[in-house]
Amino acid sequence: MRSFDHVLHPGSVHGTAGLRTRLLLYFLLATTGLYAAGVILTLLPHGDRVTADISGGVVAICLGTAGAALLWLRPGTSVAHRWALAAAMVSTPAVMAFHHLAAAQSQCLLAAMFLAMYIRAFHSDVPGRALIAVLVVAVLSAVWVSPAPMYPISYLVFGVAIAAAGEAFGVVTKALIVASCTDPLTGVFNRAGWEMTTAEPSGGRTAGSPLVVVIVDVDDFKAVNDSAGHRAGDELLIDLTRAWSRVAPRGAVIARLGGDEFAALLTGHGRDSVDEFIRTTAWSLPYASVGTAESTDPEEPVSDVLARADAVLYEVKRARRESR
């Protein structure tokens, strides 16, 4: 089963196409715009005032534009995310390496701090801290080689500020995202988590590659609550989640859409694997109805496939009721 580590981190095709990708895109657009404005202002007449060398700004603009273009054109690929993140990590130090003013270095520090927050929020602990360490080294190295006069204490302040921003705000952001997307009863995604995880799947799909949605709905769930109590109903949902998660193929997205209805999304799996999962689902969950739908069109939204699977589900439920 796909976990939140996969959704928020580079290993997930669907996660990179969701909130994680959008935030990195916005960061690149904002910083690239600011660096472009800085280059333009530097080129304007300034009299006797000291201005920065625009070389770093030009490099940052090129890197930021390339990273944003990758995320825009290939929003669902981990390769695009890695290159875009690398561009973001290099852009700010590139600008700082050519600054002549200490005040300008402090302004660029804000961009590095925001990037550290993003990295810590959307990467697991070890890779996230390693990336922040690389960012700190890059920033301090840029400050060291720059012509701006800096006090020795400034290096400590810059390093601590970047690391602290990542740990303090990035970790809190991650916790809030996970909490808002998790079903507290079963531990799988809730509806918001499903929407985030399955957003813009086309970046990770190719024509002819099947995308399959499987929906499960417990038969007569209200009767279980009425006869045995809500605790028994909760335990049934928990058992269903555990049983379904055990038989789900690696990388499957499982969510509780609401009440007693659950959905699974499979992408990039072969026909045999998909058919086996559907058969095993029906066998392991005899008290539930199952509906499925698939698409080989990389442009078809998951929501449309989900709607078709839901229609099939209710046909199955109707047939099961009539056969009793």
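Everything that follows concerns the structure shown earlier in this document.
On a predicted model such as this, the values are computed, not experimentally measured, just so you know.

(A) Representation of the packing of aromatic side chains within the structure. Inspection of every chain in the model, using the stated rule, returns 3 aromatic pairs. Here Trp144 and Tyr155 contribute two aromatic rings whose centre-to-centre distance is 6.1 Å and whose plane-to-plane angle is 55°, an arrangement assigned as tilted. Of this pair, Trp144 sits in helix H7 (residues 125-145) while Tyr155 sits in helix H8 (residues 152-181), and the two are 11 residues apart along the sequence. A relative accessible area of 64% places Trp144 in the exposed class.

(B) The packing of H7 against H8, seen in detail. Taken N-terminus to C-terminus, the directions of H7 and H8 make an angle of 150°; their axes are 10 Å apart at the nearest point. On the basis of their axis angle, the class for H7 and H8 is roughly antiparallel. Taken as a pair, H7 and H8 cross one another with a handedness that is right-handed. Contact residues: Asp125, Arg129, Ile132, Leu135, Val136, Val139, Leu140, Val143 and Trp144 in H7; Tyr155, Phe158, Gly159, Ile162, Ala163, Gly166, Glu167 and Lys174 in H8. Considering only residue class, the contact of H7 with H8 consists of 11 nonpolar, 2 polar and 4 charged.

(C) Representation of helix H11 (residues 230-247) within the structure. Between the first and last C-alpha of H11 there are 26 Å, a value that for 18 residues agrees with the 26 Å anticipated at 1.5 Å per step. Within H11, the full set of buried residues consists of Gly233, Leu236, Leu237, Leu240, Thr241, Ala243, Trp244 and Ser245. Of the surrounding secondary structure, the elements contacted by the buried residues of H11 are strand S1 (211-218), helix H10 (221-228), strand S2 (253-258), strand S3 (261-267) and helix H12 (271-284).

(D) Structural view of the sheet that holds S1. Sheet architecture is open: 4 strands sit in the order S2-S3-S1-S4, paired in antiparallel fashion. Pairing within the sheet leaves two strands with one partner each, and these edge strands are S2 and strand S4 (288-295). Mean inter-strand twist for the sheet, computed between neighbouring axes without regard to direction, equals 20°. Taken together, the 7 bridges between S1 and S3 define a ladder with antiparallel strand orientation. Bridge pairing in S3 places Asp217 opposite Glu261.

(E) Layout of the layout of surface pockets. The calculated volume of the second largest pocket comes to roughly 170 Å³. Lining the second largest pocket are Leu23, Tyr26, Phe27, Phe114, Met117, Tyr118, Ala121, Phe122, Gly170 and Thr173. Contributing elements (two or more residues each) for the lining of the second largest pocket: helix H3 (19-43), helix H6 (102-122) and H8. Top contributing element to the lining of the second largest pocket by residue count: H6, with 5 residues.

(F) The pairing of S4, seen in detail. A large share of S4 lies buried, amounting to 6 of its 8 residues. The pairing of S1 with S4 spans 8 bridges and is antiparallel. Bridge pairing in S4 links Val213 to Ala293.

Cut-offs applied
- Residues numbered from 1 in each chain as written.
- Predicted model: local features only at pLDDT ≥ 70, side-chain atom pairs only at ≥ 80, totals over all residues.
- Heavy atoms only, no water.
- Phe/Tyr/Trp six-rings, centres within 6.5 Å; stacked < 30°, edge-to-face > 60°.
- Helix = DSSP H or I, 4+ residues; strand = E, 2+ residues; numbered from the N terminus.
- Buried < 20%, exposed > 50% of the residue type's maximum accessible area, 1.4 Å probe, protein only.
- Axes fitted to C-alpha atoms, helices over the stretch in contact; angles between N-to-C directions.
- Parallel < 35°, antiparallel > 145°, perpendicular 65-115°, else oblique.
- Left-handed = near helix turned anticlockwise from the far one by under 90°.
- Contact = heavy atoms within 4.5 Å.
- Nonpolar A, V, L, I, M, F, W, Y, C, P; charged D, E, K, R; others polar.
- Expected span 1.5 Å × (residues − 1).
- Pairing = 2+ DSSP bridges.
- 1 Å grid on protein atoms, 1.4 Å probe; cavity = no way out; pocket = protein on both sides within 12 Å on 5 of 7 lines; lining within 4 Å.
- Points joined across faces, edges and corners; volume = space filled by probe spheres on them.

No statement about biological role is implied by the geometric values presented.
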